[in-house]
Amino acid sequence: MLDSAKNKEWPLIGNSHLTRFLKKSIGNGQVGGSYIFLGPDNLGKTTLARFFAQCLLCEKTKDKISPYPCSECRSCQQFQGQRERKAKDEDEKQMVHGDFHLLKKAKDKKFISVDEIRGFIKILSMSSFLSKYKVGIIKHADKLNLEAANALLKTMEEPNSNVVIILIVTDIESLPKTIVSRSQLLQFRPVPNGIIYNYLIDSHNASRSRAKDLSRLSLGRPALAIKLLETPEFYEQFKELARMFISFFNQNINERLQAIGSLINKKNSSQETASRTRRTIEIWEGVIRDSILINFNLDNRVQHEYVSSEIGRILESRNSRDLIRLEELLEQAKKYLRNNVSPRLVLENIVINIDDRRQTTDGRM
Ligand SMILES: [Zn+2]
């Protein structure tokens, strides 16, 4: 049976153990004061957090909270409206719900500030409007600055039985251990390709070949698969970035630097540019991973199947040691980005060093 079918109205593809856990805690009346939803992007963490909130805030079931919200009351309608807006890629901020508050890092900021956390805590500490609970979600909670993390911790040390806080996190190391130890940790894992494949066919009427392509491209991240399916420009851009990386291997440094220039849009804020650059590097990592798979004759597992013959050509002049070095080069690039090196420099460093191998083998650039 399909995972999505088992979950019924719970909007999570795969990771069904997490859905079961949350349903059970609602059923047993054992809802915790704080949760950490941990895992890579695009696994549906925020969507699940919102649905959990919808269950806790449903007006019809407030006497006995149910894992099946009514979907008709004013509270439920607001959550559903928000889901539809999100599906259309409209702004998340529009939802105004007296007992629900979502805080996320501003796109142009590196951290969530202490003032933002104080505002968040203040809203949650006011008595509830219509529901038994007040629910707060903090997206990018691994981007709290120290003062903000301390302010949040203080609230967690004096828990209010009606307040539920959900922290959405990709990097648990960036969160103070004291916050982690006070929370229930839900670990989201990449979803098997087969589940995404079936989901795309059953729920989005995708053709088999498209479902196969997208389930591989998305590397276990359902929300990415859906975005690739529903946004043709995004899909093309995704593939274009993979092709760009492959072209580097036939280009001279000037041509590569020119290509890099086209990736940096001056209109974007530096934080936006940094996160776009990180996504670009992740796509390039996929190409290198594919080269390694093809090198080991595991062609049936490649992510970027549409360019597998081009990837094969990269391999003609490279051995596995070269590929590992390229993997390390990209890994290092992500590290530089995290340490605030300018995205342009990070990308330039990649394209300049792609051919390091030649330098060591025959002594010229
Ligand atoms: Zn309801």
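Cut-off values and rules
- Residues numbered from 1 in each chain as written.
- Predicted model: local features only at pLDDT ≥ 70, side-chain atom pairs only at ≥ 80, totals over all residues.
- Helix = DSSP H or I, 4+ residues; strand = E, 2+ residues; numbered from the N terminus.
- Rg over C-alpha atoms; globule rule 2.2 N^0.38 Å.
- Buried ≥ 20, exposed ≤ 12 C-beta atoms within 10 Å, placed from the backbone.
- Axes fitted to C-alpha atoms, helices over the stretch in contact; angles between N-to-C directions.
- Parallel < 35°, antiparallel > 145°, perpendicular 65-115°, else oblique.
- Left-handed = near helix turned anticlockwise from the far one by under 90°.
- Contact = placed C-beta atoms within 7 Å.
- Nonpolar A, V, L, I, M, F, W, Y, C, P; charged D, E, K, R; others polar.
- Pairing = 2+ DSSP bridges.
- Domains from an automatic or database assignment.
- pLDDT = per-residue confidence, 0-100.

On to the overall build of the chain. A tally of helices and strands in the chain yields 17 helices and 5 strands. Against the 2.2 N^0.38 benchmark of 21 Å for 365 residues, the chain shows a C-alpha radius of gyration of 23 Å, consistent with a compact globule. Viewed in the frame of its principal axes, the chain has a C-alpha envelope of about 75 × 45 × 35 Å. Scored against the burial criterion, the 365 residues of the chain give a buried share of 33%.

Okay, the packing of helix H5 (residues 114–125) against helix H6 (residues 146–157) next. Two numbers describe how H5 lies on H6: the axes approach to 8 Å, and their chain directions differ by 20°. Classed by the angle they form, the pair H5 and H6 counts as roughly parallel. Two packed elements cross with a definite hand, and for H5 against H6 that hand is right-handed. Contact with H5, carried on its side by Val-114, Glu-116, Ile-117, Arg-118 and Ile-121, involves Glu-147, Ala-148, Ala-151, Leu-152 and Thr-155 of H6 and no other residues of that element. For the contact of H5 with H6, the class distribution of residues is 6 nonpolar, 1 polar and 3 charged.

Burial analysis of strand S1 (residues 34–38) places 5 of its 5 residues in the buried class, which makes it a mostly covered element. In S1, alternate side chains face the same way, and those of Ser-34, Ile-36 and Leu-38 on one face and Tyr-35 and Phe-37 on the other are all buried. Note that S1 and strand S4 (residues 163–169) share 5 bridges and pair parallel. If you follow Ser-34 over to S4, its bridge partner there is Ile-165.

What follows covers the sheet that holds S4. Strand order in the open sheet made by the 5 strands is S2-S3-S4-S1-S5, with parallel pairing throughout. Of all strands in the sheet, those with a lone pairing partner are strand S2 (100–103) and strand S5 (184–187), marking the two edges. Shown here is a sheet whose adjacent strand axes are inclined to one another by a mean of 15°, direction ignored. Pairing of strand S3 (residues 134–138) with S4, which is carried by 5 bridges, proceeds in the parallel orientation. Pairing of Gly-136 across the sheet is with Ile-165, part of S4. Sheet strands touched by H5: S2, S3 and S4. Its angle to S2, the strand with the most contacts, is close to 170°.

Take the domain arrangement of the chain next. Domain assignment breaks the chain into domain 1 (3–187) and domain 2 (231–362). Of note, the centres of domain 1 and domain 2, computed from C-alpha atoms alone, are 35 Å apart.

So, on to the confidence of the model for the chain. Confidence along the chain averages 87 in pLDDT terms, with 93% of residues attaining 70 or more. Taken element by element, the predicted model of the chain shows its lowest mean pLDDT in helix H1 (residues 3–7) (38) and its highest in S5 (97). Across residues 1–8 the pLDDT falls below 50, and counting only partners more than four positions away or on other chains, this stretch makes 14 contacts in the model. This stretch, residues 358–365, has a pLDDT under 50; its non-local contacts, to residues over four places away or in other chains, come to 4 contacts.

Our next topic: helix H10 (residues 222–230). By the burial criterion, the buried members of H10 are Pro-222, Leu-224, Ala-225, Ile-226 and Leu-228. Taken together, the buried residues of H10 touch helix H8 (193–204), helix H9 (208–217) and helix H11 (232–248).

All right, on to the environment of Arg-276 then. Within the fold, Arg-276 resides in helix H13 (residues 270–295). C-alpha of Arg-276 to C-alpha of Thr-47: the two residues are 229 residues apart in sequence and 22 Å apart in space.

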